[in-house]
Amino acid sequence: MTIRLTWKRVMSAGLLLAGAGLLFAWSGLMQVSASSGHWRVTDWFLHWAMRNSVRTYAAVQAPRDVTTDAGLVSAAGHFRQACQVCHGAPGVRPSPVMQAATPSAPDLARTADEWSDRELFWIIRHGVKFTAMPAWPAADRNDEVRRMVAFVRLLPRMTAAQYRTLTQVDEETAVADVRPGLLSTCATCHGADGRGRGQPDIPVIAGQKPGYLLAALRDYADGSRSGAVMQAAAAALTIREMKALADHYAALPGLSEKALSDRSLPGTGIASRQLPACLSCHAPGKAAPILTGQKPEYVAARLRQWQGEPTIIDARKSSATMAVIARRIPAEEIDGLSATFRAAGDAPTAR
């Protein structure tokens, strides 16, 4: 018997199959438990589709500069806090609870080399659907993603001792209203002295105004200030702990308020660009944070991050005060301006 195919019959068959699929899903018989795992062919197909998708979108969406090895301490600290539980780390096993997920998180020490830098950037930045891999929580902080790409790239060749050096600092100081071990967690990135362990992306917070530090922690905790590393760190803090930590680091020797020359760029601004003088806010007795003595690399990076991507028109960028001001600073003046603040301070060299 010959069955003649017509558009009507093809469409009817398609509707029948779709209806059967919806009926099966509605019945509740579809097995969705993680303990049941996938059929081998299903696992292969999903992984194959994921790799193809990552390759395609990384080629289109990932920027050219996707990695930087300046700032491994902050990347390692975030990895220990947010990623180690699933992926494990050199000398550290992943949580057996998280490994019971379907699919389980891969051991990056074995699989990182299977991906290009741009593919790693895309995965870290955007995450992967139908897995436990989340997107980077701070969508505008590609600088943090670049540092994480560099860190992940090193994992296959990193020893347990090297990982401990990056992620652990012994800090036994007891601080009232701060739970045991919390100060050591902060010191992982900021150092016991609050000077950022010599890392260009970690600011000197020793000697900073306690009110500013407290406000920053609160803003990170509620998501109004962008930064995945600090958002994750601040989210677990109580208000009392935030205040105690702010007071502790503010009391350490480090930054100090110093007057700058009114004839410097921070003192004059640029009237033709409607750029106000930095000293209008960042001067002794003013409410803004202390910048004298701050790392010039950190200040310059923050200004460039506030300026935003050059491919995005101004009207679509942030209207926050510092973002608007930063966009008025000529690109060629940023490094010199940042160096002026550092030279004006008397903070000891960051360690």
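Residues numbered from 1 in each chain as written. Predicted model: local features only at pLDDT ≥ 70, side-chain atom pairs only at ≥ 80, totals over all residues. Heavy atoms only, no water.

Chemist: How would you summarise the overall build of the chain if you had to cite specific residues and measurements?
Modeler: Across its full length, the chain holds 16 helices and zero strands. Across the 351 residues that make up the chain, the buried fraction comes to 41%. Long-range pairs, those at least 24 residues apart, make up 68% of the contacts in the chain with a sequence separation of at least 6. Summed over all atoms, the accessible surface of the chain reaches about 20400 Å², with 59% contributed by carbon and sulfur. Of the charged side chains in the chain, 40 are positive and 30 negative; the average position of the first set lies 7 Å away from that of the second. (Helix = DSSP H or I, 4+ residues; strand = E, 2+ residues; numbered from the N terminus. Buried < 20%, exposed > 50% of the residue type's maximum accessible area, 1.4 Å probe, protein only. Contact = heavy atoms within 4.5 Å. Areas by Shrake-Rupley, 256 points an atom, 1.4 Å probe, with all protein chains shown as cover. Lys, Arg positive; Asp, Glu negative; His and termini not counted. Charge placed at Lys NZ, Arg CZ, Asp CG, Glu CD.)

Chemist: How would you summarise the side chain of Asp 201 if you had to cite specific residues and measurements?
Modeler: Take Asp 201: it is sitting in the loop between helix 9 (182-190) and helix 10 (210-222). Of the residues examined, Asp 201 reaches a relative accessible area of 16% and is grouped as buried. Among the polar contacts listed, one links the side chain of Asp 201 to the side chain of Ser 74, at a separation of 2.6 Å. Within polar-contact distance, the side chain of Asp 201 engages the side chain of Arg 147 at 3.2 Å. Once you skip the residues sitting within four places of it in the chain, Asp 201 turns out to touch Ala 70, Gly 71, Ser 74, Arg 147 and Tyr 298. (Polar contact = N/O pair within 3.5 Å; in protein donor to acceptor, adjacent residues only side chain to side chain.)

Chemist: Describe the nonpolar core, naming the residues involved and giving the relevant values.
Modeler: The biggest cluster of nonpolar side chains holds 36 residues, and the ones touching the most others in it are Phe 79, Ile 124, Trp 136, Met 148, Phe 151, Val 152 and Leu 166. Put simply, the parts of the chain that give this core at least two residues each are helix 2 (40-61), helix 3 (72-87), helix 6 (117-126), helix 7 (142-154) and helix 8 (160-167). The contact partners of Phe 79, leaving out residues within four places of it in the chain, are Gln 84, His 87, Gly 88, Ala 89, Leu 108, Met 148, Phe 151, Leu 155 and Tyr 163. Counting 18 residues, the second largest nonpolar core, distinct from the first, contains Cys 186, Leu 214, Tyr 220 and Leu 245. (Core = buried A, V, L, I, M, F, W, Y, C linked by side-chain atoms within 4.5 Å.)

Chemist: Explain the packing of helix 14 (residues 296-307) against helix 16 (residues 334-344) to me, using residue names and the numbers behind them.
Modeler: Here helix 14 crosses helix 16 at 140°, and the two axes come no closer than 8 Å. Looking at the two axes, helix 14 sits oblique to helix 16. As for the relative orientation of helix 14 and helix 16, their crossing is right-handed in sense. Facing Pro 296, Val 299, Ala 300, Leu 303, Arg 304 and Gln 307 of helix 14, the residues of helix 16 in contact are Ile 334, Asp 335, Leu 337, Ser 338, Ala 339 and Arg 342. When the residues that make up the contact of helix 14 with helix 16 are grouped by side-chain class, the tally is seven nonpolar, two polar and three charged. (Axes fitted to C-alpha atoms, helices over the stretch in contact; angles between N-to-C directions. Parallel < 35°, antiparallel > 145°, perpendicular 65-115°, else oblique. Left-handed = near helix turned anticlockwise from the far one by under 90°. Nonpolar A, V, L, I, M, F, W, Y, C, P; charged D, E, K, R; others polar.)

Chemist: Can you lay out the packing of aromatic side chains for me, pointing to particular residues and giving the numbers?
Modeler: Scanning all chains against the criterion turns up six aromatic pairs. An aromatic cluster is defined as three or more aromatic residues linked by ring pairs; in this entry it consists of Trp 44, Phe 45 and Trp 48. One Lys or Arg, Arg 51, reaches over the ring of Trp 115 and ends 4.3 Å from the middle of that ring. Over the ring of Trp 306 we find Arg 302; its NZ or CZ atom is 4.3 Å from the centre of that ring. (Phe/Tyr/Trp six-rings, centres within 6.5 Å; stacked < 30°, edge-to-face > 60°. Lys NZ or Arg CZ within 6 Å of the ring centre and 35° of its normal.)

Chemist: Describe the side chain of Glu 241, naming the residues involved and giving the relevant values.
Modeler: With respect to the element layout, Glu 241 can be found in helix 12 (residues 239-250). If near-sequence neighbours (up to four positions away) are discounted, Glu 241 is found in contact with Asp 177, Val 178, Arg 179, Leu 182 and Ala 236.

Chemist: Residue-level account of the packing of helix 10 against helix 11 (residues 228-235), with values.
Modeler: In the contact formed by helix 10 and helix 11, the axes pass within 7 Å of each other and the chain directions differ by 95°. Classed by the angle they form, the pair helix 10 and helix 11 counts as roughly perpendicular. Contact with helix 10, carried on its side by Leu 217, Tyr 220 and Ala 221, involves Met 230, Gln 231, Ala 234 and Ala 235 of helix 11 and no other residues of that element. A per-class count over the contact of helix 10 with helix 11 returns six nonpolar, one polar and no charged.

Chemist: How would you summarise a nonpolar patch on the surface if you had to cite specific residues and measurements?
Modeler: A cluster of nonpolar side chains, Trp 39, Val 41, Trp 44, Phe 45, Leu 46 and Trp 48, forms an exposed patch at the surface whose accessible area comes to about 750 Å². Structurally, Phe 45 is set in helix 2. (Patch = residues over 30% accessible without salt bridge, like charges linked within 9 Å, V, L, I, M, F, W, Y side chains within 5 Å. Salt bridge = Lys/Arg side-chain N within 4 Å of Asp/Glu carboxyl O.)

Chemist: So what's going on with unusual backbone geometry? Residues and values would help.
Modeler: For the bond running from Thr 102 to Pro 103, omega is 0°, close enough to zero to count as cis. Here Pro 103 lies in the loop between helix 4 (96-99) and helix 5 (108-111).

Chemist: How would you sum up the pattern of salt bridges? Please name residues and give values.
Modeler: Under the defined criterion, the tally for this structure stands at 17 salt bridges. Linking Arg 51 and Glu 114 is a salt bridge whose minimum nitrogen-to-oxygen distance equals 2.5 Å. Note that Arg 51 is positioned in helix 2 and Glu 114 in the loop between helix 5 and helix 6, a separation of 63 residues in sequence. A relative accessible area of 25% means that Arg 51 is categorised as partly exposed. On the basis of relative accessible area, Glu 114 is assigned to the partly exposed category, the value being 45%.

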